[in-house]
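Summary of the model geometry
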Amino acid sequence: QVQLVESGGGLVQAGGSLRLSCAASGSIFNINAMGWYRQAPGKQRELVATMTSGGITNYADSVKARFTISRDNAKNTVYLQMNSLKPEDTAVYFCNIDQVWTRRGQFHDVWGQGTQVTVSS
């Protein structure tokens, strides 16, 4: 199986920065897309940013100029650098893998436990 562990969340003032990390563990052969989603209280989970194994990125319009996603394929790790944070960015941020191949087979839509990001005014 595959386990995703996020880290780097916390409390930051508006205008500040945070860097989230997500490491995938298990008997992994290959991972397709990795990315970040977020969910604020009372709202549905939304895409923040994704990156394919080949480096193709996709960002939500609301974060495109402020956030940067990156991957270290050798470490099976994805990062999210968040700059110029706004109170509207406050949410639980979840790491996601769309497809992963392991010794036990292929798995789809794997999620981490989430990490809280809180941006104060």
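Refer to the structure presented above.
Note on numbering: residues in each chain are counted from 1, in written sequence order. pLDDT decides what is reported in this predicted model: residues at 70 or higher carry local features, side-chain atom pairs at 80 or more are listed and counted, and totals for whole chains, interfaces and linings draw on all residues regardless. For the side-chain quantities, the full set of heavy atoms in the structure was used; hydrogens and water were omitted.

Along the polypeptide, Val78 turns up in strand β9 (residues 77–82). For Val78 and Cys22, which are 56 residues apart along the polypeptide, the C-alpha to C-alpha distance reads 5.3 Å. Numbering of helices and strands starts at the N terminus; helices are DSSP runs of H or I of at least 4 residues and strands are runs of E of at least 2.

It is worth spelling out the environment of Asp98 at this point. Looking at the element boundaries, Asp98 is found in strand β10 (residues 91–102). For the purposes of these results, a polar contact is taken to be a pair of N or O atoms within 3.5 Å, where, inside protein, one atom must be able to donate a hydrogen and its partner to accept one; residues adjacent in sequence count only when each atom of the pair is a side-chain atom. Of note is the side chain of Asp98, whose polar atom sits 3.0 Å from the side chain of Asn32.

We now examine the pattern of salt bridges. When a carboxyl oxygen of Asp or Glu is within 4 Å of a side-chain nitrogen of Lys or Arg, the pair counts as a salt bridge. Applying the stated criterion across every chain, the model contains four salt bridges. Ionic pairing is found between Lys64 and Asp61, a salt bridge with its closest N-O pair at 3.1 Å. A salt bridge links Arg66 to Asp89; its shortest N-O distance comes to 2.7 Å. Of this pair, Arg66 sits in the loop between β7 (57–59) and β8 (67–72) while Asp89 sits in the loop between β9 and β10; the two residues are 23 residues apart in sequence, bridging distant segments of the chain. Residue Arg66 shares its accessibility class with Asp89, and that shared class is buried. Residues joined in a network through salt bridges with shared partners are Arg38, Glu46, Arg66 and Asp89. When a residue's accessible area, from a 1.4 Å probe over protein chains only, is under 20% of the maximum for its type it is buried; when over 50% it is exposed; and in between it is partly exposed.

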